[in-house]
Amino acid sequence: MDRYQAIAMAYQIATLTYPSQQVMELLLPLPYERTLDLMLILRQSPRPVNSPLNFLRRAIEENWTSETMPEKINRRVQNYEERFYAKQGYSPEEARDIARNNRQDL
């Protein structure tokens, strides 16, 4: 079994649906162990996941593990803080990281 089929099968086991091309493009560059960890996180989610693609993007971006569960955030405040730091001269990635670190400090 090649890597593509293995990732597709792991996704099908976790979600009971076939992965879209966008999901596969997101998961293929990752190590297989990380992909399995992401599938476990997706499967363990206490609430139904309406958009697996966005869920996986956020899990990768915020480096979630199976021990850390996703936390609910106020997107309005998050976006405001990101715009504030971007206006201060930070790059969009730096602004996002600063806003995320501020959220973790609370």
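Keep in mind the model is a prediction, meaning the values are calculated, not measured. (Residues numbered from 1 in each chain as written. Predicted model: local features only at pLDDT ≥ 70, side-chain atom pairs only at ≥ 80, totals over all residues. Heavy atoms only, no water.)

1. Observations regarding the packing of aromatic side chains
Then, in step 1: This model, assessed by the stated rule, comprises 3 aromatic pairs.
Then, in step 2: Consider the rings of phenylalanine 55 and tryptophan 64, whose centres lie 5.3 Å apart with planes at 70 degrees: the pair is edge-to-face.
Then, in step 3: For phenylalanine 55, a relative accessible area of 12% translates into the label buried.
Then, in step 4: An aromatic cluster of at least three residues, connected via ring pairs, comprises Phe84, Tyr85 and Tyr90. (Phe/Tyr/Trp six-rings, centres within 6.5 Å; stacked < 30°, edge-to-face > 60°. Buried < 20%, exposed > 50% of the residue type's maximum accessible area, 1.4 Å probe, protein only.)

2. Remarks on the side chain of arginine 34
Then, in step 1: Residue position: arginine 34 is located in helix α3 (residues 32-44).
Then, in step 2: The contact partners of arginine 34, leaving out residues within four places of it in the chain, are Ile41, Ala59, Ile60, Asn63, Trp64 and Thr65. (Helix = DSSP H or I, 4+ residues; strand = E, 2+ residues; numbered from the N terminus. Contact = heavy atoms within 4.5 Å.)

3. Some thoughts on a nonpolar patch on the surface
Then, in step 1: Judged by side-chain polarity, Met1, Met9 and Ile13 come together as a nonpolar surface patch covering roughly 370 Å² of accessible area.
Then, in step 2: Here methionine 1 shows up in the segment before α1 (3-15).
Then, in step 3: For methionine 1, a relative accessible area of 70% puts it in the exposed group. (Patch = residues over 30% accessible without salt bridge, like charges linked within 9 Å, V, L, I, M, F, W, Y side chains within 5 Å. Areas by Shrake-Rupley, 256 points an atom, 1.4 Å probe, with all protein chains shown as cover. Salt bridge = Lys/Arg side-chain N within 4 Å of Asp/Glu carboxyl O.)

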